[in-house]
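# Structure assessment
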Amino acid sequence: MYVVRRVGVFLVSLLTASILVFVVMSILPGDPARVILGTQATPEAVESLREELGLNRSLPTQYLDWLSHAVRGDLGESVFTGQAIGPQVANRLKITAPLALMALTFTVLLSFPLGVFAAARHRQAGDNIVSVISQLGLAIPAFWAGLMLVTLFAVRLRWFPAGGFPGWGDSFFGSLKALLLPALSLAIVQSAIITRYVRSAVLETLREDYIRTARSKGLTRSQALWRHGLRNAAIPVLTILGLQFAALLSGTVVIESVFVLPGLGRMLLDGITRRDLPLVQGGAFVIVAFILLINLIVDLTYRLLDPRVGAR
Amino acid sequence: MSAELLRVDDLNVRVGSTPLVQGVSFTLGRGERLGIIGESGSGKTLTALSIMGLLPDNLDASGSIQFDGTELLGLSEDDLCEVRGNAISMIFQEPMTALNPVMRIGKQIAEPLKLHQGLSSREAADTAVRLLDSVGIDRPESRVRSFAHELSGGQRQRAMIAMALACGPDLVIADEPTTALDVTVQAKVLGVLKEQVVANDAALILITHDLPVVSAITERVLVLRGGTVVEQGPTDVVFGRPADDYTTQLVDAVPPMSTTANVALKPAPEPVVGTPLVSVRDVHKHYRLRRARLREPAMVVKALDGVSLDIYPGETFGVVGESGSGKSTLARIMVGLNRPTSGSVVVDGIDVSAGSDLRPLRDVAQMVFQDPMGSLDPRMRIGDIIAEPLRSLGTAGDHSQRVRTLLDAVSMPANIADRYPHEFSGGQRQRIAIARALAPNPTLLIADEPVSALDMSVQTVTLDLLKQLKEQFELTMVFISHDLSVVHEICERVIVMERGAIVERGDVGQVFGRPSTTYTESLINSIPRLDGGFLNA
């Protein structure tokens, strides 16, 4: 029942998001027909193109038309290149999705050990050092972290490429390597935030009665932490992780530019500068859908971690 | 006396330079059962945690704790881990928070077995089933797979007992093991605890503020006050002929219902007259539970199931029943905090169940809640807390005079108006909560378990205060409690609630003296009595 309800919420949110994206796009100034024809076009020519593109129909009709195509993966055509948007978005997603998921993985791998370490050494030197590191991480913008990583690992050490993307088909490991530094730059900022949440969640958990019970059974401090504390502490952190994923995805827009990756973020940026509204619309919708999907997964994982969820 | 198991000698616990436990010394023989009595802040829990080596990091213990020939103070953490859960185990007060919410009960019970006896997971799991069976949990083979929230309070505490006894310890320390439970459940759980400790030849240290509980279980008792021992000796001697004034005070604070097997019949109150102040007619409150599975019908919980009652001006009306019987729901509906599903509630001519604008009701009916810590905003000054009802009811002007009068009425100095709730003890905070409730000059005061979170001696003082305020402010009072002794003391008429319905009603003396339902009878028989007879109820 919990799963059914969560999936239901996901679908409703998706629909709402599609309406929002559509409405916002149509409110924006800039008539696609005029953009296509250029400033020299006669009003008659613009009008006939509007009719051809279906732009003179009512907003709900346009939306339903767009939606009925969108569910079949047809997001319309770019007004700039005339290419179908669907396949283009799919192609770009092959870079952005792995990049975001890699960044998420790095975030978890960095922040959980650091947060647990800091909590276990509460108010000792180790805790303070982690605290300073995470302050620094928070203060560094992702693009600057990216530039520093490039300077060190690409320019100096030549371990990783400074930018570009070979394509999964051509070189799988090369592609993985190309995503590593950008994912790391995204993860640095995110880890700084998540580390603090992990630390406070673990500290909170260590004060719980059941930790004292565990120790009264003869478990050492660290056994009590690992066996009883971590799973309980992970529950609140998971929610934050889901919410932060949105911030992480918006970070890809900048990072893809820094590392010259042909991802979804770059596509959106290009689309916006060219006033390619259908392209932006399609891209934005796919990004929102991706964020909602990750949060659906978070909700479902929640259920696995906490037996109390969905029990009532 | 049997061989010595534990010798505590001149135990001192301090935080910084402030002593919390001072010079506590006692011995315990093998298989002996010792009670430690004391109010909050007496150092009884700290003494227990010192033995376990589980004091919070900022506390230091000094002195000597010899257990079975080994000095525990100063023992290495590794060696202490060998002792904990193996030779000494502990049962905590609140089984809901003391059990890990995300780990199955069976696994939690199996944990010390794997740790100390080197059992395999399978062997430990089998033993866990056997242990659950031995503490009287039915269907133990499926219960081991339950999580804590799926068990009742009594079952959870039985599981804690099973866990504590898993490795056959020589000493079990139980810290207020039944304080969070209903009386009928308390009687059963205490019975199981005693039986299991005896069956395992273990010694027991039972820590509680409840004298009758100690007298039922233990052979010897130690009375702690402010971190020092004021008296110790055989339980019946200490409670029968207390040598110390403080012990005498504690014994005197035991409510009359707990000192004699027969409840002295209270004289019948004067017959009620006039029109009722509160009129509740056929009130139902149903909660619809979310469905667990798609095909199942939605479950409906009937928190109140056809409740009707009248409360007359000037009386003190008691509502008793176990947790989940609907007492608090009834109170919340009477002050309009919840809306009934059906039925009508009229308070002083105001139709509360219609629930349109309830502001006029706030002048008439006010409420005092159980937890004086949680029900006062920690970031508001006392004066503002007390004046808030006046402000929200639109009374303009300076309320400082009124605040002073109210503080005086609850015997608190007027100069505390600028201070914050955390600076006060539980009893003081409850006085502040009472002053706040009295601010709009209500005619009806509804008190939901107002003394349950307080120490015994503070309970007595607070009850006396409520009685006095009732006269002074000409209040009608509804007094809700799971504690029959308290209701017996303060109320004239009473209703007994079970699963959302009134099962018995009448004068307190009549209902408690000659109960007509087995439910009321079991509630009364389960009240811990100094003669210990309730365990076999």
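Residues numbered from 1 in each chain as written. Chains lettered and ligands numbered in written order. Predicted model: local features only at pLDDT ≥ 70, side-chain atom pairs only at ≥ 80, totals over all residues. Heavy atoms only, no water.

### Some words on the overall build of chain A
Where we set the bar: Where helices and strands are cited, they refer to DSSP runs of H or I of at least four residues and of E of at least two residues respectively, numbered from the N terminus. Burial here depends on accessible area, computed with a 1.4 Å probe over protein chains only, as a share of the maximum for the residue type. Under 20% is buried, over 50% is exposed, and the range in between is partly exposed. Note on definitions: a residue-residue contact is assigned when non-hydrogen atoms from the two residues lie within 4.5 Å. Every accessible area reported is derived by Shrake-Rupley at a probe size of 1.4 Å, with residue values counting cover from the shown protein chains alone. Charge convention: Lys and Arg are scored as positive, Asp and Glu as negative, and His as well as the terminal groups of each chain are ignored. One atom stands in for each charge, and that atom is NZ of Lys, CZ of Arg, CG of Asp or CD of Glu.
The helix and strand inventory of chain A stands at twelve helices and zero strands. Reading chain A from its N end, one meets helices and strands in the order α-α-α-α-α-α-α-α-α-α-α-α. Dimensions of chain A along its principal axes, counting C-alpha atoms only, are 85 × 55 × 35 Å. Of all 312 residues assigned to chain A, the portion counted as buried reaches 44%. Residue pairs in contact within chain A that sit at least 24 positions apart in sequence constitute 71% of those at least 6 positions apart. Summed over all atoms, the accessible surface of chain A reaches about 15600 Å², with 66% contributed by carbon and sulfur. In chain A, the 28 positive side-chain charges and the 18 negative ones have mean positions that sit 18 Å from each other.

### Some thoughts on helix 8 (residues 172-206) of chain A
Residues and elements named next belong to chain A. Note the following rule: A helix is expected to span 1.5 Å for every residue after the first. Fitting axes to the seven residues ending at a residue and to the seven starting there, one defines the bend at that residue as the angle between these axes. Two N or O atoms count as a polar contact when they lie within 3.5 Å, although within protein this holds only if one can serve as hydrogen donor and the other as acceptor, and sequence-adjacent residues are included solely when both atoms are side-chain atoms.
Its 35 residues place the ends of helix 8 only 43 Å apart at the C-alpha level, less than the 51 Å of an ideal helix rising 1.5 Å per residue. The principal kink in helix 8, of about 30°, is found at S191. Measuring from the backbone nitrogen of G174 back to the side-chain oxygen at the start of helix 8 gives 2.8 Å, which picks out S171 as the cap.

### A short note on the interface of chain A and chain B
Selection criterion: The term buried area refers to how much accessible surface (probe radius 1.4 Å) is lost by two components on association, counted for both of them together. Salt bridge, as applied in this entry: a Lys or Arg side-chain nitrogen positioned within 4 Å of an Asp or Glu carboxyl oxygen.
Across the boundary between the two partners, chain A contributes 25 residues, which contact 32 residues of chain B. Here chain A packs against chain B, burying approximately 2600 Å² in sum over the two surfaces, 58% of which is carbon and sulfur. Linking chain A with chain B are four salt bridges, by the criterion used here. One salt bridge in this structure joins D57(B) and R221(A), with 3.0 Å as the shortest N-O distance. Here chain A and chain B share 14 residue pairs in polar contact (both at pLDDT 80 or more) between them. Taken together, the elements giving at least two residues each to the side of chain A that touches chain B come down to helix 9 (209-216) and helix 10 (221-258) of chain A. For the side of chain A that touches chain B, the element with the highest residue contribution is helix 10 of chain A, accounting for seven residues.

### Structural notes on the packing of aromatic side chains
Residues and elements named next belong to chain A. To be explicit about the condition: Classification of ring pairs rests on two measures: the distance between centres of Phe, Tyr or Trp rings, Trp counted by its six-membered ring, which must be within 6.5 Å, and the angle between planes, read as stacked under 30 degrees, edge-to-face over 60 and tilted in between.
The full count for this structure, using the stated rule, is ten aromatic pairs over all chains. When the centroid spacing of 5.9 Å and the interplanar angle of 45° are considered together, the rings of F22 and W66 count as tilted. Taken as a pair, F22 in helix 1 (residues 2-27) and W66 in helix 4 (residues 59-70) lie far apart in primary sequence, 44 residues in all. There is no split in this pair, since F22 and W66 are both buried. Between F172 and F173, the ring centres sit 5.5 Å apart and the planes meet at 85°, which makes this aromatic pair edge-to-face. Accessibility expressed as a relative area gives 46% for F172, which makes it partly exposed.

### Some words on the pattern of salt bridges
Residues and elements named next belong to chain B. In the structure shown here, the tally under the stated rule is 24 salt bridges over all chains. One salt bridge in this structure joins D170 and R30, with 4.0 Å as the shortest N-O distance. Remark: R30 occurs in the loop between strand 2 (18-29) and strand 3 (33-37) and D170 occurs in the loop between helix 7 (153-165) and strand 7 (171-175); sequence separation between them is 140 residues. Two residues, R33 and E219, come together in a salt bridge whose shortest N-O distance is 3.7 Å. Separated by 186 residues along the polypeptide, R33 in strand 3 and E219 in the loop between helix 9 (211-217) and strand 9 (220-225) bring together distant segments of the chain. For R33, a relative accessible area of 12% translates into the label buried.

### Structural notes on the layout of surface pockets
Remark: the empty space left among the atoms is shown by a probe the size of a water molecule rolled over them. Heads up, the rule is: Think of a 1 Å grid over the protein atoms and nothing else: a 1.4 Å probe that fits but is trapped marks a cavity, an open set flanked by protein within 12 Å on at least five of seven lines marks a pocket, and residues with an atom within 4 Å of a point count as lining. Grid points are joined across faces, edges and corners, and a volume is the space filled by probe spheres set on the points. Here the nonpolar group is Ala, Val, Leu, Ile, Met, Phe, Trp, Tyr, Cys and Pro; Asp, Glu, Lys and Arg are the charged ones; every other residue, Gly included, is treated as polar.
Its volume calculated, the second largest pocket comes out at about 1300 Å³. Among the secondary structure elements, those contributing two or more residues to the lining of the second largest pocket are helix 5 (85-120), helix 8, helix 9 and helix 10 of chain A together with helix 1 (44-52), strand 4 (59-67) and helix 2 (77-83) of chain B. For the lining of the second largest pocket, the element with the highest residue contribution is helix 10 of chain A, accounting for five residues. Among the residues making up the lining of the second largest pocket, the classes are represented as 20 nonpolar, seven polar and eleven charged.

### Some details on the confidence of the model for chain A
To be explicit about the condition: Every residue is assigned a pLDDT by the predictor, reflecting its confidence on a scale from 0 to 100.
Across chain A, pLDDT averages 87, with 98% of residues at or above 70. Mean pLDDT per element in chain A: helix 2 (residues 32-37) of chain A is the minimum at 72, and helix 9 of chain A is the maximum at 94.

### Thoughts on the sheet that holds strand 4 of chain B
Sheets are built from strands that pair by backbone hydrogen bonding, the pairs being arranged parallel or antiparallel. All names here are of chain B. Note the following rule: When DSSP finds two or more bridges between two strands, those strands count as paired. An axis is simply a line fitted to the C-alpha atoms; with a helix, the fit covers only the stretch in contact. Between two such axes, the angle follows the N-to-C directions and lies from 0 to 180 degrees.
Read across the open sheet, the four strands follow the order 2-1-4-5; overall the sheet is antiparallel. Strands with a single pairing partner mark the edges of an open sheet, and in this sheet they are strand 2 and strand 5 (70-71). Two elements, strand 1 (residues 4-15) and strand 2, share eight bridges in a ladder whose sense is antiparallel. Its bridge partner lying in strand 2, L11 is registered against V24. Docked against the sheet, helix 1 engages strand 1, strand 2 and strand 4, running at close to 65° with respect to strand 2.

### Things to note about the pairing of strand 1 of chain B
Walk down a regular strand and you will see the side chains alternate between the two sheet faces. All names here are of chain B. What sits between strand 1 and strand 2 in their antiparallel hairpin is a turn of two residues, with G16 showing a positive phi close to 60°. Bridge count for strand 1 against strand 4 is eight bridges, and the pairing is antiparallel. Paired with V15 across the bridge in strand 4 is L59.

### As for the packing of helix 7 of chain B against helix 8 (residues 183-199) of chain B
All names here are of chain B. So the rule is basically this: Reported orientations rely on four angle classes, namely roughly parallel under 35 degrees, roughly antiparallel over 145, roughly perpendicular from 65 to 115, and oblique for the rest.
Between helix 7 and helix 8, the shortest axis-to-axis distance is 10 Å and the interhelical angle comes to 10°. The orientation of helix 7 relative to helix 8 falls into the category roughly parallel. Contacts between helix 7 and helix 8 involve G154, Q157, R158, I161 and L165 on the former and, on the latter, V185, K188, V189, V192, L193 and Q196. Among the residues forming the contact of helix 7 with helix 8, the class breakdown is six nonpolar, three polar and two charged.

### Here's the deal with the environment of V458(B)
Within the element layout of this structure, V458(B) appears in helix 18 (residues 456-472). Between the C-alpha atom of V458(B) and that of E39(B), which follows or precedes it by 419 residues, the distance is 9.5 Å.

### Quick look at empty space enclosed by the protein
Counted according to the given criterion, the structure contains two cavities of 30 Å³ or more. The computed volume of the largest cavity comes to approximately 60 Å³. Along the walls of the largest cavity sit T213(A), S216(A), K217(A), G85(B), S89(B), M90(B), P112(B), M160(B), M163(B) and A164(B), which together make up its complete lining. Of all elements in the fold, only helix 9 of chain A together with strand 6 (88-91) and helix 7 of chain B reach the threshold of two or more residues within the lining of the largest cavity. In terms of residues, the lining of the largest cavity owes the most to one element, helix 7 of chain B, which gives three residues. Taken together, the residues of the lining of the largest cavity sort by class into five nonpolar, four polar and one charged.

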